[in-house]
Amino acid sequence: MSRRSRETAAAPEPPRPMVTVCRGCCCGTPKIPRLDHEAQLARLRAAMAGAATIRRVDCLDACEHANVIVVQPSAEGRRAGGRPVWLGLVNDLDATADIDAWVRAGGPGLADPPDILDLYVFQPSRRVREELEDPGSR
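Residues numbered from 1 in each chain as written. Predicted model: local features only at pLDDT ≥ 70, side-chain atom pairs only at ≥ 80, totals over all residues. Heavy atoms only, no water.

## A look at the sheet that holds strand β4 (residues 85-87)
Item 1. Ordered in space as β2-β1-β3-β4, the four strands form an open sheet in which the pairing is mixed. A single partner strand is all that each edge strand has here, and the edge strands are β2 (53-57) and β4. Pairs of neighbouring strands in the sheet enclose a mean axial angle of 20 degrees, with direction left out of account.
Item 2. Across five bridges, strand β1 (residues 18-22) lies against β2 in parallel orientation. Bridging from a neighbouring strand, Thr20 pairs with Arg55 of β2.
Item 3. Across the sheet, helix α4 (residues 93-104) lies against β1, β3 (69-72) and β4, angled at about 10 degrees from β3, the strand it touches most. (Pairing = 2+ DSSP bridges. Helix = DSSP H or I, 4+ residues; strand = E, 2+ residues; numbered from the N terminus. Axes fitted to C-alpha atoms, helices over the stretch in contact; angles between N-to-C directions. Contact = heavy atoms within 4.5 Å.)

Here you go:
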């Protein structure tokens, strides 16, 4: 396959950030108590309407960090050097509000996240990262 056909075969980059919310075996279940998981997802969808694409997935295979949210940069953010940011233990609405503010400001590559989000950032395994970036592999 030529380089040109590989480039045209690639999925188009999202024009805005994509926020992937895990709601699988641990995230979004009673295993994480004291959080209304559906309210968290609804709040993200409402707050980021028009600013980001929200995607709910079954499992990101990072259960030890439940609840997991991944913020992927927009095409512009990626060109500016932004990369997906994995956030774990997002188990309160204040963290959800901080994520919303960051994404609405542009997200990875275009805006610095609030300092408090440093407490939530983690690096998943390479396999898990690659599966998220290539949803066809799941």
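## Some remarks on the pairing of β1
Item 1. Across the five residues that make up β1, a large majority, five, are buried.
Item 2. What joins β1 to β2 is helix α2 (residues 37-47), and the crossover it makes is right-handed. (Buried < 20%, exposed > 50% of the residue type's maximum accessible area, 1.4 Å probe, protein only. Right-handed = clockwise from strand over helix to strand, strands pointing away.)

## A closer look at the nonpolar core
Item 1. Val19, Met48, Ile69 and Ile99 are the most contacted members of the largest nonpolar core, which totals 19 residues.
Item 2. For this core, the secondary-structure elements that each account for two or more residues are β1, α2, β3, β4 and α4.
Item 3. Residue contributions to this core peak at four residues, all from α4.
Item 4. If we skip the residues at most four places from it in the chain, Ile69 touches Val19, Thr20, Val21, Gln40, Leu44, Val85, Trp86, Leu87, Val90 and Ile99.
Item 5. In terms of nonpolar packing, the next biggest core, distinct from the first, is built from 14 residues, Ile32, Leu60, Val70 and Val128 among them. (Core = buried A, V, L, I, M, F, W, Y, C linked by side-chain atoms within 4.5 Å.)

## Focus on the confidence of the model for the protein chain
Low pLDDT marks stretches whose predicted atomic positions should not be read closely.
Item 1. For the protein chain, per-residue confidence averages 87 on the pLDDT scale, and residues scoring 70 or more make up 86% of the total.
Item 2. Note on residues 1-8: pLDDT is under 50 here. Beyond four places in sequence and across chains, it has one contact. (pLDDT = per-residue confidence, 0-100.)

## Notes on the packing of α2 against α4
Packed helix pairs are characterised by how far apart their axes lie and by the angle those axes make with each other.
Item 1. Taken N-terminus to C-terminus, the directions of α2 and α4 make an angle of 20 degrees; their axes are 10 Å apart at the nearest point. In terms of orientation, α2 lies roughly parallel with respect to α4. The handedness of the crossing between α2 and α4 is right-handed. Residues Gln40, Arg43, Leu44 and Ala47 of α2 pack against Leu93, Thr96, Ala97, Asp100 and Arg104 of α4.
Item 2. Partitioned by chemical class, the residues of the contact of α2 with α4 number four nonpolar, two polar and three charged. (Parallel < 35°, antiparallel > 145°, perpendicular 65-115°, else oblique. Left-handed = near helix turned anticlockwise from the far one by under 90°. Nonpolar A, V, L, I, M, F, W, Y, C, P; charged D, E, K, R; others polar.)

## Digging into the packing of aromatic side chains
Item 1. Tallying each qualifying case throughout the model produces one aromatic pair.
Item 2. Between the aromatic rings of Trp86 and Phe122, the centroid separation amounts to 5.9 Å while the plane-to-plane angle is 75 degrees, which identifies the pairing as edge-to-face. Of this pair, Trp86 sits in strand β4 while Phe122 sits in the loop between α4 and α5 (126-133), and the two are 36 residues apart along the sequence. (Phe/Tyr/Trp six-rings, centres within 6.5 Å; stacked < 30°, edge-to-face > 60°.)

## With respect to α4
Item 1. For α4, with 12 residues, the first-to-last C-alpha span of 16 Å sits near the 16 Å given by 1.5 Å per residue.
Item 2. Here α4 has its buried residues at Ala95, Thr96, Ile99, Asp100, Trp102 and Val103. Down the axis of α4, the buried side of the element spans an arc of 165 degrees, and every buried residue falls inside it.
Item 3. Of the surrounding secondary structure, the elements contacted by the buried residues of α4 are β1, α2, β3 and β4.
Item 4. Its side-chain oxygen placed 3.0 Å from the backbone nitrogen of Asp94, Asp92 serves as the N-cap of α4.
Item 5. One or two positions beyond α4, positive phi appears at Gly106, with a value near 135 degrees. (Expected span 1.5 Å × (residues − 1). Arc of directions from axis to C-beta. Polar contact = N/O pair within 3.5 Å; in protein donor to acceptor, adjacent residues only side chain to side chain.)

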